[in-house]
Structures are given as structure tokens and as C-alpha cells.
Amino acid sequence: MTAVRQPEGVGEVVDPIPGAGAPHLPEQPDLVQLLTPEGERVDHPDYSLDVSDQELRDIYRDLVLVRRWDVEATALQRQGELGIWASLLGQEAAQVGAGRALRAGDMAFPTYREHGVAWTRGIDPLHVMSLFRGVDYGAWDPVATGFNLYTIVIGSQCLHATGYAMGLQRDGGEHAALAFLGDGATSQGEVNEAMIWAASFGAPVVFFCQNNQYAISVPLERQSRVPLYRRAAGFGFPGVRVDGNDVLAVLAVTRAALAAAREGQGPTFIEAFTYRMGAHTTSDDPTRYRLASELEEWKLRDPIARVKAYLARSGIADHDYLASVEAEADELAGRIRSGTLEMPDPPGTAIFDSVYAEQTSELAAQREEFVAYHASFEGGEH
Amino acid sequence: MTSQTLTLGKALNLGLRRAMEDDAKVVLMGEDIGRLGGVFRITDGLQKDFGDDRVVDTPLAEAGILGTAVGLAMRGYRPVCEIQFDGFVFPAYNQIVTQVAKIHARSRGRLPMPIVIRIPFGGGIGAVEHHSESPEAYFAHTAGLKVVAVSNPVDAYWGIQQAIAHPDPIVFLEPKRRYWEKAEVDVDAAPGPLFSSRVVRGGDDVTVLAYGPMVKTALQAADAAAEEGRSLEVVDLRTVSPLDLGPVFESVRRTGRCVVVHEAPVTLGLGAEIAARVTETCFHSLEAPVLRVGGYDTPYPPSKLEEEYLPDLDRVLDAVDRAMAF
Ligand SMILES: Cc1ncc(C[n+]2csc(CCOP(=O)(O)OP(=O)(O)O)c2C)c(N)n1
Ligand SMILES: [Mg+2]
């Protein structure tokens, strides 16, 4: 195929396609970072963060627990206890940082990978596990938790978040919507429509894109020839690229974007530059499309190790605290495991319930036939 | 005769390979179909052998896949589009229904649309939502589209080649839960034309119609019925639009009873159309109304409930009993 012209004035283009090497964190003055991979606190001219020591310890705890949940879920899938699992490994900081920027009354619109955000919204991990076990479509209450159901059809939720934000705007509240999406999703028409609507109506919505470098096997270069955050300018609102493995920077940038939305300044697009350290899902085999060396390189930017290093070095957390978090993680993993194994299968009639707010007589009749049909087996008729 | 034992998935892979060798205008497009070989590996190895301009990993945008396929077809290419899962065809639905289906008619034949839309369809693999749907009726209801559903490796191998060579747009439905089923495939002789149904098991008591994944279920039901001394004739419809009901009418005139099986919800599904046509044509031969076995009129359920939702051997036999009892 012919070479692609570099758009004028764009400067850096994303790395060339596969195998050419790891998607580097380019030398970018634009990348917002507050905590280096080595665990050093650095300043950024536009983003500062006010966090107490307690909050820092809590953030660390979130990161560790969420990763532990993820590891346990992957193991449970391997043992045949889940149908599939979409791992967040490597994206803990992006998710915990973004989730912690939300307030009660805000609404998050996740994809299928935002377990870390679910955690920050206080959702019981078992209510997520039931979806992946095939028991239900997700058991949490989206209204009570401010965390919408997972959306698997790529990009659809961006329009929902925008409409929700338009509702918030009409109601004159102090709240905002946070739409999650992946790098691949940015190619969908619906996502682009969402950004047009958000801009056009100045809706209080923030688009939080976790650029984990891949859409299953397809590298970012197939989706975009310019860094994703620069697309926002074309829609008419600010775009910012944050180190997605730096939980403090993500928290600061997302807080600022949500604050701007609340104050009536309209949408922001955040590109959290990160890496999917695991497979796309447990059904995927990444060795078919990416080099092991890439993962090794990203391990050096691990989102949890840097926080731990910072906490330990600065004395914010002592050995006892770190050990207590580990113990809590073990306990959580145990609870997730036993809770998943003990989860009852849903009754067959659940198929017919909740299809409509007002049940139809046709469907009610089908339900009755279903019950009668299954009862006929119990009678030993068949 | 050269024959090979192939899975349905591998038969598709070899059929695609042969179609690409036969015609340099054939271009494969889809998400993850190149380097990865597709999430079901149906295009495994094809990008390596034919290059990335013939096996194209597309951006993540189904409307884009079908919309650009239209333009490529206008340039004389033969796009073969893979939709990753049935539930993800809908972003492309607008292009398929308003454009792909109508352009031949609107251009009065000046712009043929030889596009194949491959869709792994149906349930039974324990997947999360949107991965187990049976959307065939939406397409069969759209004039200008043809819709086929293969059930076995032989039809997969030959059907995909026939579909690609065909001048009209075809929605090519692949029974994903049968991708791993094996059969002997004669790679020298096509088993017959694409748009034809076929009696796959002879019988006298009830005619059972199925396509795609349900053909195997119907055959299993026929085996079970035989043990009870009941003889089912099973027809693999193979083509959903146009329907080829000649062999069905011939069969129903003998058996007087007809059961249609599909995974899709029964209401306004293919069974409804078939029941109407069989009734119109074979009215005086019928001993019982045409009965339908299908999914319930509900969203596809979480996987723990899919066995209760999907037609199985018992539900087919139950319908056979009801037809016989009439
Ligand atoms: C409309 C639609 N098309 C295809 C798919 C299949 N699919 C699931 S995830 C995925 C890749 C998504 O990539 P990205 O947006 O980068 O998110 P990530 O999975 O990397 O978090 C694809 C193609 C889908 N779910 N929805
Ligand atoms: Mg991605």
C-alpha cells in the first residue's frame, strides 16, 4: 500500500504498524505526568493535585485490590468458572484515577473492561462476575451506583453519555457524565457523532479514552494517523494526553475536565496513554500479533509499582500498611472466588421477565408454555 | 476425486483461499482478519500469503467496512466483508439495507454489488451478550439482498466460493458453534447450486426444515425419533432468501406434516414465511398445521440460560409429537 502523507502541522505521527517495536511513550512535552515510572513526584504547569496522605494510601489500596480481583477472575475463567474475562491488567491507574475523579451524582458509562471504575463506584465485584459467568447482564444498579451497565457494542455508550449530560444540563445540576472508550472505538461513527453532539450542545461530558495501543489485534495506527487527543480540536473542544499509568496525573486531569464540564465549559477528550498488559480477553492469543519485548518494556512503567515506590520512599506508607493491603487483597480474592462458585444459576423463567416494563400477553403466554413444557419433563412424560 | 477431512472453519478458510486465487479482484475486509486471522481464525494465513492489500485489517467501524465495500465494488472489486459477531452487524445495517441492497435496482443494473457479508451467527458457545444472535430475518426481509446459511463443511467450502462469484450481494451466515465440526470435503466437485435446498435425510412421517446450526439438531432429532419408530425427513434449506421450497413441497405432500426449526425468535421469523407458503401450496396434503420451533420472543439470554432458550432435540421432538397428534 502507498505511503500515507503526513498531515501538515501534526508533527508526531503514531508509531508504524506491527512488529516495528513497542508503542513508545514518545518524547512528548504534551504528556501529563505527576508521578514518574520510578516513583518520583513531578510538577506539571497546568495540573496540580491536592491529595492527602490518607488519600494516597487509599489509591494504592484500590490499585492493588483491583489488580488482585482481575488476576482471580482470569484464574476462575481458566478453571471454567467464567465464560470469558476482559482483563484490565496494566490499566489500573487509568481506571482508578478516572473513577476517583467522579463524585456522587455523576454518571460513568463504561465499556466491558472498566472493573477498576466499578470498584471506585462501590460496586460489589460479584455483581460484575455474574455477567462474565453468564448469570445475568451485570447485577449492579446503574442508577444507585452512578455506573451504567457495561456496553459491549463498541462506542454506543458515548452517545448515551452525551445524552445523559444533556439531561444534566437541562436539570441545571452540578454533575457531569464520564464516557469510557478504547482507542479502537474512536473509529466508530457513533463515537464521532457523540463528540459532535457534545460540542454542539456544550454538554457536560468527558470522553475518557484508554489508549491501550490495541483493538484486539489491530494497532492504533490503523485507527488514527494523529495522536488521538488531537482529534478533539477538530470537534471544537480540548484534548489532553495523560500518562495513563500515572494514577495521580489521571486523577488530576480527569478532575479538571469534570470540573470544567460542571462549570458549563463543555466537553473534554482525555487520552490515557497506557498498555493492555494481558490478552484482549481470555479468548485471545496476543502472541499472534505482538512481541513479548513490548510487554517487557511496558512492565517498566507498571502503574502500581511506581505508587508503591513513592509511598515507601516518602514514608507515607510503612511496611505494615503495605502488608495489610496484601492481606486484604488475599481476602478479597477468596471472597470473589467463593462468591463466584456459589452463585446460583438463574431460573429459566428469567428469560421472560423484565423484557418490557409492561408485559405483553403474548410473552406471558410463551412463559406459561415454557413452564408447562419443562414441568412435563419432571412428570417423566418424555 | 480429491477429498479432505475439514472442519467447517477450515473449509471456509480453504474456500476463501481458492476464491482469492481464482480472482484477483477478491478483497477480504474486516476487524482482526489479517494478522490475527480473525477471532475464529477463518482467514488464518491469508494475509501472509496474499498481502495486506487483499486481506485488510480495517479500522473498528462496521459502517465503514460496508460503505467502503460499496465503493470498491463500483471499481470492480469483489469485497468479502467479515462481521466479527452477529450482534455487531448493526452499525453497518444502514449501509446494507439502504445502499448495498438497493444500488443494483437504482442504477438499473449499471452498478452490480457483488459483496459477500460473512457473519458468524447463532448461539450455543457460552458467550456474553451480542455474540449469539440470529439476525437472518432482518436481511431476508430486505429486497435486493440474498441470504444463505451453511450447515456443514462441504457447503462451507463450496458455498463461500459460489457466493463470492455471484453478482448480487449475499449475507453469508456461518453457524459459529459448528465451526469445529468435521466432514469429508470433495474439493473437485461442487455439491450443487448455491440457492438450493436439499433433503439430507429421507423419511415418511414428518418433514423437518432447518438451516445453519439447526440442521445438526434436526438430524439428531431424526435419529432419536427413529428409535421410537418414527421417520423424519430432514431438509437443509441452505438458502434463506431466495427460498427454494420445491423439495419441501414435494416432501410435505408425502408426509403431510411440517416442522420448521431455527434459533431466531419465532415471531416473524423465517418459519412464519415458510409456514405460509407451505400452507398455500400444500394445503390439501396437510394433516397438521405447520409448526415452528425457535427462540422465544426475548433478548438472547445470559449464557447460563441459553440451553433453555435454544431449540434442542427435545423441543424438535415435542413439535413432532404435536404434529403427529393432530
Ligand atoms: C460494534 C462492535 N464491533 C466489534 C466488536 C468486537 N470487539 C470487541 S472489543 C473490540 C476491540 C475494541 O478495542 P478498543 O476500543 O481499543 O478497546 P479495548 O478492548 O482495547 O479496551 C472489538 C473489535 C464489538 N464489540 N462491537
Ligand atoms: Mg484498545
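See the structure above.
Please read these numbers as outputs of a predicted model, since none were measured by experiment. (Residues numbered from 1 in each chain as written. Chains lettered and ligands numbered in written order. Predicted model: local features only at pLDDT ≥ 70, side-chain atom pairs only at ≥ 80, totals over all residues. Heavy atoms only, no water.)

**Student:** Got a sec to walk through the environment of A:Asp70? Specific residues and values, please.
**Tutor:** All names here are of chain A. Structurally, the position occupied by Asp70 is in helix α1 (residues 53-78). The class for Asp70 is buried, based on a relative accessible area of 2%. Asp70 has contacts with Trp85, Ala86, Ser87, Leu88, Leu89 and His115, leaving out every residue within four places of it along the chain. Polar contacts involving the side chain of Asp70 include one to the main-chain amide nitrogen of Leu88, which spans 2.8 Å. (Helix = DSSP H or I, 4+ residues; strand = E, 2+ residues; numbered from the N terminus. Buried < 20%, exposed > 50% of the residue type's maximum accessible area, 1.4 Å probe, protein only. Contact = heavy atoms within 4.5 Å. Polar contact = N/O pair within 3.5 Å; in protein donor to acceptor, adjacent residues only side chain to side chain.)

**Student:** So, the state of the cysteines: which residues are in play, and what are the values?
**Tutor:** All names here are of chain A. Within this structure, the stated rule accounts for 0 disulfides over all chains. Summary of cysteine pairing: Cys158 is not part of a disulfide, and the nearest cysteine sulfur, belonging to Cys209, is at 8.6 Å. A relative accessible area of 0% means that Cys158 is categorised as buried. (Disulfide = S-S within 2.5 Å.)

**Student:** Tell me about the sheet that holds strand β12 (residues 239-241) of chain B, and name the residues and values.
**Tutor:** Residue and element names in this part refer to chain B. Taken together, 7 strands build an open sheet; the order of strands is β3-β2-β4-β5-β7-β6-β12 and the sheet is mixed. Sheet topology places β3 (55-57) and β12 at the edges, where each strand pairs with a single neighbour. Taking the axes of each pair of neighbouring strands and ignoring which way they run, one obtains an average angle of 20 degrees across the sheet. Where strand β4 (residues 78-82) meets strand β5 (residues 116-121), 3 bridges bridge the pair, whose relative direction is parallel. In the sheet register, Cys81 faces β5, and the bridge partner there is Ile117. Against the sheet, helix α1 (residues 8-22) contacts β2 (26-30), β3, β4, β5 and β7 (170-175), and its axis sits at roughly 135 degrees relative to β2. The sheet strands contacting helix α7 (residues 153-165) are β2, β4, β5 and β7, and the helix crosses β7 at an angle near 165 degrees. (Pairing = 2+ DSSP bridges. Axes fitted to C-alpha atoms, helices over the stretch in contact; angles between N-to-C directions.)

**Student:** Any details on the site of ligand 1? Residues and values, ideally.
**Tutor:** Around ligand 1, 21 residues are found, and the nearest of them are A:Tyr112, A:Arg113, A:Ile152, A:Gly184 and B:Glu62. Proximal residues around ligand 1 fall on chains A and B, making this an inter-chain site. Interatomic distance of 2.9 Å between a side-chain N/O atom of A:Asp183 and an oxygen atom of ligand 1. Contacts to ligand 1 include A:Asn212, whose side-chain N or O atom sits 2.9 Å from an oxygen atom. (Near = heavy atom within 4 Å.)

**Student:** Explain unusual backbone geometry residue by residue, including any values.
**Tutor:** Residue and element names in this part refer to chain B. In the segment running from Ser241 into Pro242, the intervening peptide bond is cis, with an omega of 0 degrees. Following the sequence through the fold, Pro242 ends up in the loop between β12 and α9 (246-255). If you check the backbone angles, Arg41 has positive phi at about 65 degrees while not being a glycine. Tracing the backbone through its elements, the reader meets Arg41 in the loop between β2 and α2 (46-50). On the basis of relative accessibility, which here comes to 25%, the residue Arg41 falls in the partly exposed class. Here Leu268, not a glycine, exhibits a phi torsion of approximately 60 degrees, which is positive. On the basis of relative accessible area, Leu268 is assigned to the exposed category, the value being 74%.

**Student:** Explain the interface of chain A and chain B to me, and be specific about the residues and the numbers.
**Tutor:** Contacts between chain A and chain B engage 44 residues on the former and 41 residues on the latter. Looking at the side of chain A facing chain B, the largest losses of area belong to A:Tyr137, A:Arg288 and A:Ile351, adding up to 19% of the total buried there. At the boundary of chain A and chain B, one finds 2 salt bridges. The residue A:Arg288 makes a salt bridge to B:Asp44 at a minimum N-O spacing of 2.6 Å. Summed over the shared surface of chain A and chain B, the result is 12 residue pairs in polar contact (both at pLDDT 80 or more). Contributions of two or more residues to the side of chain A that touches chain B are made by α4 (125-133) and α13 (361-378) of chain A. With 6 residues, the top contributor of residues to the side of chain A that touches chain B is α13(A). (Buried area = accessible area lost by both parts, 1.4 Å probe. Salt bridge = Lys/Arg side-chain N within 4 Å of Asp/Glu carboxyl O.)

**Student:** Report on the packing of aromatic side chains, specifying residues and quantitative values.
**Tutor:** Both the distance between ring centres and the angle between the ring planes are used here to describe each pair of aromatic rings. Evaluated as defined, the whole model comprises 31 aromatic pairs over all chains. Residues A:Phe352 and B:Tyr296 carry aromatic rings whose centres are separated by 5.0 Å and whose planes lie at 70 degrees to one another, so their mutual orientation is edge-to-face. Here A:Phe352 is found in the loop between α12 (319-341) and α13, whereas its partner B:Tyr296 is found in the loop between β14 (291-295) and α11 (306-309) on a different chain. Accessibility assignment for this pair places A:Phe352 and B:Tyr296 in one class, buried. Three or more aromatic residues joined by ring pairs form one cluster here, namely A:Trp69, A:Trp85, A:Phe132, A:Trp140, A:Phe147 and A:Tyr150. If you follow A:Arg301 out to its NZ or CZ, it ends over the ring of A:Trp298, 4.3 Å from the centre. In this arrangement the basic side chain of B:Lys25 is found over the ring face of B:Tyr77, its NZ or CZ atom lying 4.5 Å from the centre. (Phe/Tyr/Trp six-rings, centres within 6.5 Å; stacked < 30°, edge-to-face > 60°. Lys NZ or Arg CZ within 6 Å of the ring centre and 35° of its normal.)

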